[in-house]
Amino acid sequence: MRLSLRLAAALSCSVLAFAVVPVAQAESLPERVIVNLTETPATSLAFNWRAEAGGGEGFIEYAPLTPGPAYPQTAVRIAAKRTAAAFTTRDQEQVSADYYSVQLTGLTQDTQYVYRVGREGAWSAWRQVRTAAAEARPFTFLYVGDVQNDIRSMGGLAVRRALRQTPDAAFMLFAGDLINRADNDGEWGQWFDMDPHRLAETPSLMTPGNHEYMKPEGAEAQQLSPQWRLQFNLPDNGPSDRLSETVYRVDYQGVRVISLDADMMDEDPQSARDQLAWLEGQLTDNPARWTVILMHYPLYSTARGRDGAELRAVLQPVLDRHHVDLVLAGHDHTYGRGRPHDQGPVYMVSNIGPKQYPLGDIDWPVRKGSGIQVFQQIEATPDRLTVRAFTMDGLLYDAFQLDKTGQGAARLTDLKPATPELILRREDR
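Reading guide: rules and limits
- By convention here, each chain's residues receive numbers from 1 onward along its written sequence.
- With the structure being a predicted model, the display of local features is reserved for residues of pLDDT at least 70 and the display and counting of side-chain atom pairs for 80 or more, all residues being used for whole-chain, interface and lining totals.
- To get the side-chain values, all heavy atoms of the structure are used, and hydrogens and water are removed first.
- What counts as a helix is a DSSP run of H or I of at least four residues, what counts as a strand is a run of E of at least two, and both are numbered from the N terminus.
- Computation of the radius of gyration draws on C-alpha atoms, with the globule rule given as 2.2 Å multiplied by the number of residues to the power 0.38.
- For every residue, the accessible area obtained with a 1.4 Å probe (protein chains only) is divided by the maximum for its type, and the residue is called buried under 20%, exposed over 50%, and partly exposed between those limits.
- Working definition of accessibility: Shrake-Rupley area with a 1.4 Å probe, residue cover restricted to the visible protein chains.
- When charges are tallied, Lys and Arg are placed among the positive residues and Asp and Glu among the negative ones, while His and the ends of the chain are skipped.
- Where a charge sits is defined by one atom per residue type, namely NZ (Lys), CZ (Arg), CG (Asp) or CD (Glu).
- Simply put, an axis is a line fit to the C-alpha atoms, just over the touching stretch for a helix, and the angle between two N-to-C directions goes from 0 to 180 degrees.
- For this classification, under 35 degrees means roughly parallel, over 145 means roughly antiparallel, 65 to 115 means roughly perpendicular, and everything else is oblique.
- We call two residues in contact whenever any of their non-hydrogen atoms come within 4.5 Å of each other.
- In this count, Pro and Cys sit with the nonpolar residues alongside Ala, Val, Leu, Ile, Met, Phe, Trp and Tyr, while Asp, Glu, Lys and Arg are called charged and the others, Gly among them, polar.
- For two strands to pair, DSSP has to find at least two bridges joining them.
- Here a polar contact is taken to be a pair of N or O atoms separated by no more than 3.5 Å, where protein atoms must pair a possible hydrogen donor with a possible acceptor and residues adjacent in sequence count only if both atoms sit in side chains.
- By definition, a salt bridge exists where a carboxyl oxygen of Asp or Glu is found within 4 Å of a side-chain nitrogen of Lys or Arg.
- Only Phe, Tyr and Trp rings take part, Trp by its six-membered ring, and two of them pair if their centres are within 6.5 Å. Stacked means planes under 30 degrees apart, edge-to-face means over 60, and tilted covers everything else.
- Placement of a positive charge over a ring is assigned whenever Lys NZ or Arg CZ falls within 6 Å of the ring centre and within 35 degrees of the normal to the ring plane.
- To estimate the expected span of a helix, count its residues, drop one, and scale the result by 1.5 Å.
- We define the bend at each residue as the angle formed by axes fitted to the 7 residues ending at it and the 7 residues starting at it.

A. Highlighting the overall build of the chain. Summing up its helical and strand segments, the chain has 9 helices and 26 strands in all. Over its C-alpha atoms the chain spans a radius of gyration of 21 Å, differing by no more than 12% from the 22 Å that the globule rule assigns to 429 residues. For the chain, the spread of C-alpha atoms along the principal axes amounts to about 60 × 55 × 45 Å. Buried positions account for 59% of the 429 residues belonging to the chain. Summed over its atoms, the accessible surface of the chain is roughly 16600 Å², and 49% of this surface lies on carbon and sulfur atoms. Averaging the locations of the 43 positively and 54 negatively charged side chains of the chain gives two centres separated by 4 Å.

B. Highlighting the packing of helix 8 (residues 269-284) against helix 9 (residues 309-321). For the pair helix 8 and helix 9, the least separation of the axes is 10 Å and the interaxial angle reads 10 degrees. When the axis of helix 8 is compared with that of helix 9, the two are roughly parallel. Listed contacts from helix 9 to Leu276, Leu279, Glu280 and Leu283 of helix 8 are Val314, Leu315, Val318, Leu319 and Arg321. For the contact of helix 8 with helix 9, a count of residues per class yields 7 nonpolar, no polar and 2 charged.

C. Quick look at the pairing of strand 7 (residues 93-104). Note: strand 3 (residues 45-51) against strand 7, 7 bridges, orientation antiparallel. Within strand 7, the residue paired with Trp49 across the bridge is Tyr100. Taking the residues between adjacent antiparallel strands as the criterion, strand 6 (residues 81-88) and strand 7 are bridged by 4 residues, where Gln92 takes a positive phi near 65 degrees.

D. Inspection of the pairing of strand 4 (residues 59-64) at higher detail. With 5 of 6 residues buried, strand 4 lies mostly within the body of the structure. Relative to strand 5 (residues 76-79), strand 4 is paired through 4 bridges, and the arrangement is antiparallel. Counted as the bridge partner of Tyr62 is Val76 from strand 5.

E. View of the side chain of Asn351. Looking at the secondary structure, you find Asn351 in the loop between strand 21 (346-349) and strand 22 (367-369). Side-chain polar atoms of Asn351 contact the side chain of His333, separated by 3.3 Å. Apart from residues no more than four positions distant in its own chain, Asn351 is found in contact with Gly145, Asp146, His333, Thr334, Gln356, Ile372, Gln373 and Val374.

F. View of the side chain of Glu187. With respect to the secondary-structure elements, Glu187 resides in helix 4 (residues 185-192). We note that Glu187 is buried and unpaired, the nearest opposite charge coming from Arg181 at a distance of 5.8 Å. There is a polar contact of 2.9 Å between the side chain of Glu187 and the backbone nitrogen of Asn180. Setting aside anything within four residues of it in sequence, one finds Glu187 in contact with Ile151, Ile179, Asn180 and Arg181.

G. Inspection of the packing of aromatic side chains at higher detail. Summed over the entire model, instances satisfying the criterion amount to 19 aromatic pairs. What links up through ring pairs into an aromatic cluster is the set Phe174, Trp188, Trp191, Phe192, Trp228 and Phe232. Here Arg77 stacks its cationic end above the ring of Phe59, 5.1 Å away from the centre of that ring. The ring of Tyr300 carries the charged tip of Arg312 above its face, separated from the ring centre by 4.7 Å.

H. The arrangement of helix 9 in detail. Spanning 13 residues, helix 9 covers 18 Å between terminal C-alpha atoms, matching the ideal 18 Å at 1.5 Å per step. Of all bends in helix 9, the biggest is about 40 degrees, found at Leu315, and the proline Pro317 comes one to four residues later. For helix 9, every residue scored as buried is listed here: Leu311, Arg312, Val314, Leu315, Gln316, Val318, Leu319 and Asp320. Taken from the residues just after helix 9, His323 is the one with a positive phi, measuring 55 degrees.

I. Local environment of the environment of Asp268. Considering the arrangement of structural elements, one finds Asp268 in the loop between helix 7 (262-267) and helix 8. Remark: the alpha-carbon pair of Asp268 and Arg306, spanning 38 residues in sequence, is separated by 20 Å.

J. Region of interest: the pattern of salt bridges. Taken as a whole and judged by the stated rule, the model has 28 salt bridges. When the shortest N-O distance is used, the salt bridge between Asp98 and Arg82 registers 3.2 Å. Note that Asp98 is positioned in strand 7 and Arg82 in strand 6, a separation of 16 residues in sequence. Among the residues examined, Asp98 registers a relative accessible area of 1% and is labelled buried. A salt bridge links Asp251 to Arg249, with the nearest nitrogen and oxygen atoms 4.0 Å apart. When its relative accessible area of 25% is taken as the criterion, Asp251 is described as partly exposed. Residues joined by salt bridges that share partners form a network here, namely Glu31, Arg32, Arg50 and Asp185.

What follows is the structure, given as structure tokens:
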């Protein structure tokens, strides 16, 4: 999909015919269990799962982790919100399930908890998760670009590699296009099956890509995948109801993470205005030393035939003025990293899925590649961000660090990569 933004006005699928295909219905045991960060990750965490339709009330039980098997005796049970959903996807899948969500509040900061979800006779396994510290402390998180295709097999292999190589990851960021067809429930099932235990133990944040949006027959405007808000429990602190759980802010141990809904900036002038005004406020009143923007469309493109010029014209002055540190994007199915302006952010475009595009004729990145699956480890301390990009075989492909002691622009230092630049020319698939 070629990026075509209509921000100037903001600021002055055809349906395929398929035979009815039954999709595997939800099981009695909880499935698609996931933990998301909240806007207060030191004292709260959010959980989602689904189970068979008509199963009734669902619960979460949780307790501080103990050295031995005593935690079930101290577990607290909380009822979850249940949403019964039944719909037919554009691929004629018949979906019927009960979706559950719950947010635990009043937790103790920097503490390991165990939890399970479900109901009597149908509980998940016990899993563990950790709350954030209340103040700035060192931690490491993961950032991955589009998974989108061959999700369970090739995408899952890459995600598991990232998690295995970063066993202490505090959370994961997904830069959109988690799946290929927005409402395809089989693809969503594959996404959760990439690593069901780690996705239930490593908190995550995700921003939607263009493949999470669809325009059903007869609809006047595009719509977010119905599974998005059913399956995730993301912060609801954005600028409007329409952008709920797609535009939001999380502060984690000295790092402010901001998700922008790039596709809605492209499609809807009012959404563009709302996001820009909200973003200005989040960057003006920002107690964090470090600021990271997560969005699907890149301001600086890497793939052949693409250019985010209109998006760049609107957002870059705001990001430069507020000394944003990192802008993490996907969409272009290539790798690129550079800092076009000394006072501005480092821009990164990354891709962890098997779908690959050829590189464009670009000179803004200091490091670029195609035909590779790349994931990023980002290590944050109060005075430094260290970013390392690894290829699928676990080799260091790119590395740099940002240093600062105040609220101004960070000092960038390139770290010598351990691998030669890879540019594998391939045609679009």
